[in-house]
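Notes for the structure review
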Amino acid sequence: MDTIIGIDIGFGFTKVTDGKRFEVFKSIYGEAIDFQFKESLLHQNAEQDEHIQIDLDDASYFVGELAERQSSNRQFTLDQTQFVATSTKILALAAISRMMKTNQASFKVVVGLPIGHYRQYKSELENMLRQSHKLGITNAKGERKEVVIGISEVSVIPQPIGSVMDRLLNDVGKAADQRFAIEKIGVIDIGFRTSDYTISDKARYSERGSLTTQNGISKAFEVIASKLKDSCGVNVELYRLFDAVESGSIKIRGKGFDLRKITQVAFQQLAANIASDANRIWNDDWDMDAIMITGGGGSVLAAYLQPLLEGVIIPIEQDLDYRLHNVRGYHKYGCNRWASAASPASTAKQPISEDSATDENANKDDT
Ligand SMILES: Nc1ncnc2c1ncn2[C@@H]1O[C@H](COP(=O)(O)OP(=O)(O)OP(=O)(O)O)[C@@H](O)[C@H]1O
Ligand SMILES: [Mg+2]
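Heads up: these notes are all about the structure in this document. A quick note: this is a predicted structure, and the numbers were derived from the prediction, not measured. (Residues numbered from 1 in each chain as written. Chains lettered and ligands numbered in written order. Predicted model: local features only at pLDDT ≥ 70, side-chain atom pairs only at ≥ 80, totals over all residues. Heavy atoms only, no water.)

Let's talk about the packing of aromatic side chains
Within a pair of aromatic rings, the relevant descriptors are the distance that separates the centres and the angle that separates the planes. Cut-off, in case you're wondering: Classification of ring pairs rests on two measures: the distance between centres of Phe, Tyr or Trp rings, Trp counted by its six-membered ring, which must be within 6.5 Å, and the angle between planes, read as stacked under 30 degrees, edge-to-face over 60 and tilted in between. Only DSSP runs of H or I with at least four residues qualify as helices, and only runs of E with at least two residues qualify as strands; both kinds are numbered from the N terminus onward. Think of it in three bands: residues with accessible area under 20% of the maximum for their type are buried, residues over 50% are exposed, and the middle band is partly exposed, with areas taken using a 1.4 Å probe on protein chains only.
Scanning all chains against the criterion turns up 8 aromatic pairs. Measuring from centroid to centroid gives 6.1 Å for phenylalanine 192 and phenylalanine 221, while their planes differ by 65°, and the two rings are edge-to-face. Here phenylalanine 221 lies in helix α7 (residues 217-232) and phenylalanine 192 lies in the loop between β11 (184-190) and β12 (195-201), a separation of 29 residues in the sequence. When sorted by exposure, phenylalanine 192 lands in the same class as phenylalanine 221, which is buried. Note on tyrosine 197 and tryptophan 282: the rings are 6.1 Å apart at their centroids and 80° apart in plane angle, and the pair reads as edge-to-face. In this pair, tyrosine 197 sits in strand β12 while tryptophan 282 sits in the loop between α9 (260-281) and β16 (290-294), placing the two residues 85 residues apart along the sequence. Tyrosine 197 gets classed as buried once you look at its relative accessible area, which sits at 0%.

Structure representation (structure tokens):
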């Protein structure tokens, strides 16, 4: 039987799960190089570092941290058009390769797209993925194997809806929390690059009240990076700031910089912008029952954001890294959609249908 997999390809991180294991890696890839000093490198790092290296369509790539460290020619694109066309396939297959137990396996995949690009790229993404893919996987020891990834079904859903599915459904895709099936809930998904706003009305995606803005955590990181540039003249790449911001300091050319004050200022400003966007686009949705904050950026900004939002906030669930709530929801949605096909008796009770999770309202403004 095909394995159901959820993949959330964010601008910051790619997240993947088969319902049992989760993997997260930075959404960066680059040309694979031959390690000249392989032995010493491996000796030091093999234990703690993930090694993701795939060969696809006659090219060889390092993915995630490995690309960040080793590739001279790194791709870290924040441009959505290029993102979908070139990066998505590499990152999605790299993600699936992490879930492979054998050299040949077949999958059904649920993948999310940002709200603002959902309609435009949905079919392109489906067609690109729904195929049989041959790739080479090389492990940290340099051992290479050929694998075949078969993808029989692809379902694309608007990214933040993953977090609603996560709350609505249990691990086998059956309704868990009825609240999400009957209420009108606003979702704010704060990622690295974007913030997505959407409304789940009785577990249906509503295109009205949905918006993607560029107010992701990277906005705050830009402020921090520019301050660092002023202080020491070094351009720190944004994706290198995660750990520094988390720990509150960074070392540049041997000198330590305290980042706490500037982080607080930058986060406060970003939260104010996000809240004002939410209050504006949902101005007419006064019948909304509650607001849910999600995404990796949601966990760091929630404290700043809550006092600024108009409405009841659904408390953040601390059971999982906040970056993973969407992808866990995609997996549950896949179980709801595909696992139940095998047992038709259960379909009458389906809390959601494909349309409801996806473009329920898409046709309305087409006509
Ligand atoms: N353990 C962690 N490591 C790194 N970043 C974390 C961690 N926990 C939370 N974060 C925050 O999560 C953010 C990324 O969140 P997320 O993975 O949801 O973004 P994304 O989906 O990649 O981006 P986008 O939605 O814009 O495409 C980071 O900017 C960081 O602030
Ligand atoms: Mg995201």
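And the narrative resumes.
With respect to the site of ligand 1
Cut-off, in case you're wondering: In this text, near means that some heavy atom of the residue lies within 4 Å of the molecule or strand in question. Two N or O atoms count as a polar contact when they lie within 3.5 Å, although within protein this holds only if one can serve as hydrogen donor and the other as acceptor, and sequence-adjacent residues are included solely when both atoms are side-chain atoms. Every accessible area reported is derived by Shrake-Rupley at a probe size of 1.4 Å, with residue values counting cover from the shown protein chains alone. Cavities and pockets are found on a 1 Å grid laid over the protein atoms alone: a cavity is a set of points where a 1.4 Å probe fits but cannot escape, a pocket is an open set with protein on both sides within 12 Å along at least five of seven lines, and a lining residue has an atom within 4 Å of such a point. Criterion for pocket placement: a molecule counts as inside a cavity or pocket if more than half of its atoms are within 2 Å of its grid points.
Near ligand 1 there are 17 residues, and of these Phe11, Gly12, Phe13, Lys15 and Thr194 occur at the shortest range. The contact in question runs from an oxygen atom of ligand 1 to an N or O atom on the backbone of phenylalanine 13, over 2.8 Å. In the model, an oxygen atom of ligand 1 is placed 2.8 Å from a nitrogen or oxygen of the phenylalanine 192 main chain. For ligand 1, whose free accessible area comes to 650 Å², the fraction covered by protein is 86%. When each cavity is represented as a set of grid points, ligand 1 is found to reside in the largest pocket. Of all elements in the fold, only β2 (13-17) and α10 (296-305) reach the threshold of two or more residues within the shell around ligand 1.

A look at the environment of proline 114
Here proline 114 shows up in the loop between β8 (104-113) and α4 (118-129). Each C-alpha atom of the pair proline 114 and tyrosine 197 lies 9.7 Å from the other, and the pair is 83 residues apart in sequence.

Some words on the nonpolar core
Formally: Working definition of a nonpolar core: buried Ala, Val, Leu, Ile, Met, Phe, Trp, Tyr and Cys residues. They are joined through side-chain atoms within 4.5 Å. As used throughout, domain bounds are those supplied by an automatic or database domain assignment. Here, residues are in contact when the closest pair of their heavy atoms is within 4.5 Å.
In this structure, Ile7, Val63, Ile96, Phe107, Val111, Ile149 and Ile151 are the most contacted members of the largest nonpolar core, which totals 62 residues. Counting residues per element, this core draws most heavily on helix α3 (residues 80-97), at 7 residues. Split by domain, this core shows at least three residues from each of two domains, domain 1 (3-158) and domain 2 (175-216 + 265-325). Excluding residues that lie within four positions of it along the chain, isoleucine 96 makes contacts with Ile7, Phe107, Val109, Ile149 and Ile151.

Concerning the pattern of salt bridges
Two side chains that carry opposite charge are able to pair once their charged atoms sit near each other. Put simply, the test is: Between Lys or Arg on one side and Asp or Glu on the other, a salt bridge is scored when a side-chain nitrogen of the former is within 4 Å of a carboxyl oxygen of the latter.
Evaluation of the coordinates by the stated rule reveals 24 salt bridges. In this structure, arginine 323 and aspartate 321 form a salt bridge, with 2.6 Å as the shortest nitrogen-oxygen distance. Counted as one network, the salt bridges with shared partners bring together Asp166, Asp319, Arg328 and Lys332.

As for unusual backbone geometry
A positive phi is found at aspartate 58, a non-glycine position, where the angle reads about 65°. Looking at the element boundaries, aspartate 58 is found in the loop between β5 (52-56) and β6 (59-63). For aspartate 58, a relative accessible area of 86% corresponds to the exposed category. Even without being a glycine, lysine 202 presents a positive backbone phi close to 50°.

A short note on the layout of surface pockets
Applicable threshold: Grid points are joined across faces, edges and corners, and a volume is the space filled by probe spheres set on the points. Gly counts as polar in this scheme, as do all residues outside two lists: the nonpolar Ala, Val, Leu, Ile, Met, Phe, Trp, Tyr, Cys and Pro, and the charged Asp, Glu, Lys and Arg.
Estimated volume of the largest pocket: approximately 820 Å³. Phe13, Phe242, Gly296, Gly297 and Arg323 are, among the 45 residues lining the largest pocket, the residues nearest its centre. Each residue belonging to the lining of the largest pocket can be placed in one class, and the counts come to 18 nonpolar, 14 polar and 13 charged. Each of domain 1 (3-158) and domain 2 (175-216 + 265-325) contributes no fewer than three residues to the lining of the largest pocket.

Focus on the side chain of histidine 51
Looking at the element boundaries, histidine 51 is found in the loop between α1 (38-45) and β5. A distance of 2.9 Å separates polar atoms of two side chains, one belonging to histidine 51 and the other to glutamine 53.

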